[in-house]
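# Inside the fold
So you can see what is in the structure, the chains are spelled out below.
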Protein chains: 2
Amino acid sequence: MNAAQGPDRPERATLATIASDADVSMATVSKVLNGRPGVAHETRDRVQSLLQARGYSKPGSDRLVAPLVEIVFNELEDGWSLELLRGAEEVVRESGMSLVVTKSGDRHAPAADWIEGVIKRRPFGVILVLSDLAAEPKRQLRRRNIPFVLVDPSGEPAADVPSIGSANWSGGVLATKHLLSLGHRDIGVIAGPQDVTSARARLSGFRSAMADAGVPVREELIIPGNYHLDSGVEGGLQMLSDSKPPTAIFATNDLQALGVYEAARTKGLVVPDDLSVVGFDDVHFSAWSGPPLTTIHNPLSKMAAEAARLLVRFRDENQLDSIRRDLATSLIVRKSTAPLKL
Amino acid sequence: MNAAQGPDRPERATLATIASDADVSMATVSKVLNGRPGVAHETRDRVQSLLQARGYSKPGSDRLVAPLVEIVFNELEDGWSLELLRGAEEVVRESGMSLVVTKSGDRHAPAADWIEGVIKRRPFGVILVLSDLAAEPKRQLRRRNIPFVLVDPSGEPAADVPSIGSANWSGGVLATKHLLSLGHRDIGVIAGPQDVTSARARLSGFRSAMADAGVPVREELIIPGNYHLDSGVEGGLQMLSDSKPPTAIFATNDLQALGVYEAARTKGLVVPDDLSVVGFDDVHFSAWSGPPLTTIHNPLSKMAAEAARLLVRFRDENQLDSIRRDLATSLIVRKSTAPLKL
């Protein structure tokens, strides 16, 4: 009836059990515990590893007064990860909690060993970035009353899982309409990984905007990517080598857009004079690139902050609405797009 | 004699005290504790806030089996912070610990309230980035046996403080020699904040290399900066407006270098044809900038990993050598530097 009696719990450690197992006096254990001198080096080692291993919790320990919130990334990617981290860290800190950052798994779920670790860490709550949870880990977290929220979920989250996303489809429409309004018709796309919802939505937004404008999509100019720089370079080189190359490219994220810049440089093309480029995400470096990148603002830091606030509300109201919220995206026009030259 | 009896410790919480203070049965407290149903909403609220406030530690709780290492930044800056975070997170995770990320204070020390927080969190160890510790917080951490390591220390750390830095002076020399070898003589510098050791060392390296080459330093082309983009833009515009503008600029970090790019664009100058630019740090986006930035590789991720390893060694050997280690820097030649046009 008490989770503390579950099979995954070690026996309770006390000064006495530690002392007897280390074959020393309780006074010695207390000295080690409080970092006081007068203990032989190897004895201190033995006692400390026992304290560690048994997870001895000092009476009156107030560690739990500052609960942990854990944010799980499958990669620590420049710009993107940091935006999310900033948003979560601020809300968590201002709520008197601390943020644990873990890298685990892939785009679909944390690695198998993560669940054991998180159960040991007992965070107050979990923010899962670009991921999802299988039924079993979900059950394990719930059994332990550890709430979780998905941010920018990679799949379609189950109805009972709260998630914070953004308007990826609308962003794809905005990016495409911008290029169409500049007169571009031969528009290439470096698509993101199609097993990720945001990538499918961005590409689908492109297709809808093209259809609405009655402009045919040139399928040979739609090249799959991985949201990393190399996809932008390779995809860019491939379509710029086409007998009828695109005059504009929707790169579907900022990293792929910088890759397209690199491809254009290699081909001796100038952005935006010879090629217009639109990114997606508006991470900080997109404003610093040469030329500053026209992109779709993705409120990453707001998304993570919102997820953290949901967990704080759970702390304060002991309820977590199983909501799906998508924050708005918007077009940021900088210097990488120009009217089609006739 | 026992830290647990210090004034900063709450009285020990037990199921019984929580139950009596919440005016409910121990069974009810246990239900709330284990997230089981059958408790009125407002009762659950009352009990949970008490459990939180008293830092009730469940018997057999194994949270302490996964100790925390805390990394403290004074800012979460693109590229730079993430490189450090990557290095620390990997070592900490592989050592079976978890990384807490905290933003606090300024370039000189964590904020005053940080020490109270960290004492509550009881991390296994602390990594302080671009910072230092005053005597009192140092004493408080030591009294509680919480080891700490400085990474890229902002000042000259006391002899008893372990720190991991990098060869900033040598990097400044390398950057300058590279520009001199290309025939540049009118070299501008966007200096970093001179209250930070790394910035002083980089500028001093520049001066030494110029002196060694017998090339006079044009003091009006040495402009103070803050290591952020805006300094590069403003400083760049200022020196490029000089009656005899520099043909090359040592930006002393990558962000300021991207600012110089922006200044050059504004002035209609092409990098590297009209202006050579060298950065410092080699954060990821420097390879993606237009043109890819020639810079000094600063092993940020290695530095943080090394600091984390020192803490792990402390865990395993209960000893922390008070060392000062500087990792090597190296020149990375990309596309932003070219021979002086005569």
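Residues numbered from 1 in each chain as written. Chains lettered and ligands numbered in written order. Predicted model: local features only at pLDDT ≥ 70, side-chain atom pairs only at ≥ 80, totals over all residues. Heavy atoms only, no water.

### Looking at the overall build of chain A
- Looking only at helices and strands, one finds 12 helices and 12 strands in chain A.
- Within chain A, the proportion of its 342 residues that are buried is 59%.
- Here the analysis covers contacts within chain A between residues at least 6 apart in sequence; of these, 70% occur between residues at least 24 apart.
- For chain A, the exposed surface amounts to about 12,800 Å²; the carbon and sulfur share of it is 54%. (Helix = DSSP H or I, 4+ residues; strand = E, 2+ residues; numbered from the N terminus. Buried < 20%, exposed > 50% of the residue type's maximum accessible area, 1.4 Å probe, protein only. Contact = heavy atoms within 4.5 Å. Areas by Shrake-Rupley, 256 points an atom, 1.4 Å probe, with all protein chains shown as cover.)

### Focus on the layout of surface pockets
- Volume-wise, the largest pocket comes out at about 560 Å³.
- Together, 23 residues line the largest pocket, and R265 and G290 of chain A together with V271, G290 and P291 of chain B are the ones closest to its centre.
- Within the residue set of the lining of the largest pocket, elements represented by two or more residues are α10 (254–266) of chain A together with α10 (254–266) of chain B.
- The dominant element in the lining of the largest pocket, judged by the number of residues it contributes, is α10 of chain A, at 5 residues.
- Residue classes in the lining of the largest pocket are distributed as 14 nonpolar, 4 polar and 5 charged. (1 Å grid on protein atoms, 1.4 Å probe; cavity = no way out; pocket = protein on both sides within 12 Å on 5 of 7 lines; lining within 4 Å. Points joined across faces, edges and corners; volume = space filled by probe spheres on them. Nonpolar A, V, L, I, M, F, W, Y, C, P; charged D, E, K, R; others polar.)

### Section: the packing of helix α5 (residues 114–121) of chain A against helix α6 (residues 135–143) of chain A
All names here are of chain A.
- Between α5 and α6, the least distance of the axes is 11 Å, while the angle of their chain directions is 5 degrees. Between α5 and α6, the angle is such that the two are roughly parallel. Contacts from W114, I115, V118 and I119 in α5 reach P137, Q140 and L141 in α6.
- The residue makeup of the contact of α5 with α6, split by class, is 6 nonpolar, 1 polar and no charged. (Axes fitted to C-alpha atoms, helices over the stretch in contact; angles between N-to-C directions. Parallel < 35°, antiparallel > 145°, perpendicular 65-115°, else oblique.)

### Side note on helix α12 (residues 300–317) of chain A
All names here are of chain A.
- Compared with the 26 Å implied by 1.5 Å per residue over 18 residues, the 26 Å span of α12 between its first and last C-alpha is a close match.
- All buried positions along α12 are accounted for by L300, M303, A304, A305, E306, A307, A308, L310, L311, V312 and F314.
- The elements touched by buried residues of α12 are β1 (68–73), α4 (80–94), β3 (125–129), β4 (148–151), β5 (163–166) and β11 (324–327). (Expected span 1.5 Å × (residues − 1).)

### Side note on the packing of aromatic side chains
- Counted under the stated rule, the structure contains 4 aromatic pairs over all chains.
- Their ring planes at 70 degrees and their centres at 5.3 Å tell us that F285 of chain A and W288 of chain B sit as a pair that is edge-to-face. Note that F285 of chain A is positioned in helix α11 (residues 285–288) and W288 of chain B in helix α11 (residues 285–288), a pairing that runs across two chains.
- One Lys or Arg, R202 of chain A, reaches over the ring of F280 of chain A and ends 3.7 Å from the middle of that ring. (Phe/Tyr/Trp six-rings, centres within 6.5 Å; stacked < 30°, edge-to-face > 60°. Lys NZ or Arg CZ within 6 Å of the ring centre and 35° of its normal.)

### Section: the pairing of strand β2 (residues 98–103) of chain A
- Among the 6 residues in β2 of chain A, 5 count as buried, and that is most of the element.
- Pairing geometry for β1 of chain A and β2 of chain A, over 6 bridges, is parallel. The residue of β2 of chain A that forms the bridge with V69 of chain A is L99 of chain A.
- Since β1 of chain A and β2 of chain A lie parallel, the crossover through α4 of chain A that links them has a hand, and here it is right-handed.
- With 3 bridges connecting them, β2 of chain A and strand β2 (residues 98–103) of chain B associate as antiparallel partners. (Pairing = 2+ DSSP bridges. Right-handed = clockwise from strand over helix to strand, strands pointing away.)

### A short note on the sheet that holds strand β5 (residues 163–166) of chain B
- The strand order across the open sheet built from 12 strands is β11(A)-β5(A)-β4(A)-β3(A)-β1(A)-β2(A)-β2(B)-β1(B)-β3(B)-β4(B)-β5(B)-β11(B), with neighbouring strands paired in mixed fashion. Each end of this open sheet is capped by a strand with a single partner; those strands are β11 of chain A together with β11 (324–327) of chain B. Going across the sheet, the axis of each strand differs from the next one's by a mean of 25 degrees, ignoring polarity.
- Two strands pair when backbone bridges link them, and β5 of chain A and β11 of chain A are joined in this way by 4 bridges, in the parallel orientation. What sits directly across from I164 of chain A, in β11 of chain A, is R325 of chain A.

### A few points about the packing of helix α1 (residues 15–22) of chain A against helix α2 (residues 26–33) of chain A
All names here are of chain A.
- In contact at an axis separation of 8 Å, α1 and α2 are set at 105 degrees when each is read in the N-to-C sense. Classified by the angle between their axes, α1 and α2 sit roughly perpendicular to one another. Each of L15, A16, I18 and A19 in α1 lies in contact with α2, whose residues at this interface are M26, V29, S30 and L33.
- When its residues are assigned to classes, the contact of α1 with α2 shows 7 nonpolar, 1 polar and no charged.

### Some details on the side chain of T28 of chain B
- Tracing the backbone through its elements, the reader meets T28 of chain B in helix α2 (residues 26–33).
- Filtering out sequence-adjacent residues up to four positions away, T28 of chain B remains in contact with V39 and T43 of chain B.

### A short note on the pattern of salt bridges
- Overall, the coordinates contain 36 salt bridges over all chains when judged by the stated rule.
- A salt bridge links K138 of chain A to D160 of chain A, with the nearest nitrogen and oxygen atoms 4.0 Å apart. On the criterion of sequence distance, the pair formed by K138 of chain A in helix α6 and D160 of chain A in the loop between β4 and β5 is long-range, its members being 22 residues apart.
- Given the relative accessible area of 12%, K138 of chain A is considered buried.
- Between D282 of chain B and R334 of chain B there is a salt bridge; the shortest N-O distance is 2.8 Å. Of this pair, D282 of chain B sits in the loop between β9 (276–278) and α11 while R334 of chain B is found in the segment after β12 (330–332), placing the two residues 52 residues apart along the sequence.
- Assessed through its relative accessible area of 13%, D282 of chain B is described here as buried.
- Given the relative accessible area of 22%, R334 of chain B is considered partly exposed.
- Residues joined by salt bridges that share partners form a network here, namely D186, R218, E220, D242 and K244 of chain A. (Salt bridge = Lys/Arg side-chain N within 4 Å of Asp/Glu carboxyl O.)

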